[in-house]
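In case you want the letters, here they are:
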Amino acid sequence: MTLDSLQLLFFKNYDDAALRLSPGLNCFIGDNGSGKTNLLDAIHYLSLTKSAITSSDALCIKQGSDFFVVKGVFSSELPTSPETIQVSLRAGQKKTLTHNKQAYERMADHIGRYPAVLISPYDTDLIRQGSEERRKYFDSLMAQLDHEFLELLIAYNALLRQRNAVLKQGSDRPAHGFDREYLLALDEQLAPIGQQLTLLRQAFLDEYVPMFQRHYQQLADGRELVTLTYKSQLISADFAQLLRMNERRDFALQRSTTGSHRDDFVFLMDELPVKSHASQGQQKSFAIALKLAQFEMLAAKQQHKPLLLLDDIFDRLDDKRIARLLELVADETFGQVFLTDTNLERTDQALARVTIPILRFRVQDGSVAPV
């Protein structure tokens, strides 16, 4: 599967851009702030229907405009017609997603169809930030792999929003209290879904961790043992019972304090937290290994290689880790690759061993053109 062309209209700092792409390696070269990363983010939209950088779609509309459009044409090795994916948003309206000009009934139906993996300077945030970042990362990966998981996650989050609204409504009207019968009805639906999410997350990690450990050892050449474990209240407790036990506390805090939305993925090195005990270089290797394992798992499950997006790796990674990534590119471990850098000469030197087709683009102040 490859992205043959990319077109942007009023997306971030672009008025209009149209690119024909290489099925091999595509290099976007330009100064910081020129719009290189925005091109990767546009590709991320085509894959996952959302930005990798901001949680607000509205912020992706170019200043002074009231809409944006991102369009891509994909093809595969199979003898099928190219497929056109378009994401668009008009200010104040819902985002729309079309496949060959036919609108999806639900965005979720698109997830996993065109997988992508982004390796960026901010990947170590998965280590340094809180549990929400890690849950979002692994849930996004699992959603691309398993449609059942995605459906359960959507249902869980919808029920959780309703439950929290009931709790807040009761606190806003203390004289009337909250609708306990409705709360119990929501709990009855929420509990089995939460338990199933726990089982699926645990089963996923059983398969994912060995891949991750192998990639870490190849990147770091270290003797330290790295792993990650799944931390959930629901592994050893009944969710329905937890909801009943914590009802008073939930009402006081106006939110649900137990459940799958409180789970965490704990990163360990020699049985100690990576966040506090690993060096900066070890943390970078840990984060890249997470992404390489993600790529391997997606490629195996989907039976075609995901798009690989490499953002500013030359500026942010040391030579050893860059060499390992480029070794994988040269060995054609990856499929179609998109890479950003600030220096064309450095890029050419780094890619000297790469034999797959390469296209270079110059990015400057929201314009992009082949070099």
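In the annotation of an unreviewed UniProt entry, the entry for the protein reads DNA replication and repair protein RecF, and the organism field reads Hymenobacter armeniacus. Under the heading Sequence similarities (unreviewed entry), UniProt records this for the protein: "Belongs to the RecF family." The protein has a UniProt comment under Subcellular location (unreviewed entry) that states "Cytoplasm".

On to the UniProt feature "binding site: ATP" (unreviewed entry) in the protein. Those places that UniProt annotates as "binding site: ATP" (unreviewed entry) correspond, in this numbering, to G30, D31, N32, G33, S34, G35, K36 and T37. Ignoring sequence-local partners within four residues, the contact set of S34 consists of N13, Y14, V363, Q364, D365 and G366. Within the secondary structure, K36 is located in helix α1 (residues 36–48). Setting aside residues up to four positions removed in sequence, K36 forms contacts with Y14, F28, I29, G30, D31, D312, T340, D341, T342 and V363.

A few words on the packing of aromatic side chains. Scanning the entire structure with this criterion turns up 19 aromatic pairs. Relative to Y208, the ring of F138 has its centre 5.6 Å away and its plane inclined at 90°; by these criteria the two rings are edge-to-face. Of the two residues, F138 is situated in helix α3 (residues 131–145) and Y208 in helix α5 (residues 180–220); the sequence distance between them amounts to 70 residues. Y208 gets classed as buried once you look at its relative accessible area, which sits at 0%. One aromatic cluster is present, built from ring pairs that chain together Y137, F138, F204, Y208, F212, Y216, Y230, F265, F267 and F286. The ring of F267 has R134 lying over it, and the distance from NZ or CZ to the ring centre is 5.9 Å.

Thresholds, definitions, all that
- Residues numbered from 1 in each chain as written.
- Predicted model: local features only at pLDDT ≥ 70, side-chain atom pairs only at ≥ 80, totals over all residues.
- Heavy atoms only, no water.
- UniProt positions renumbered as here; feature names shortened; annotations may be inferred.
- Contact = heavy atoms within 4.5 Å.
- Helix = DSSP H or I, 4+ residues; strand = E, 2+ residues; numbered from the N terminus.
- Phe/Tyr/Trp six-rings, centres within 6.5 Å; stacked < 30°, edge-to-face > 60°.
- Buried < 20%, exposed > 50% of the residue type's maximum accessible area, 1.4 Å probe, protein only.
- Lys NZ or Arg CZ within 6 Å of the ring centre and 35° of its normal.

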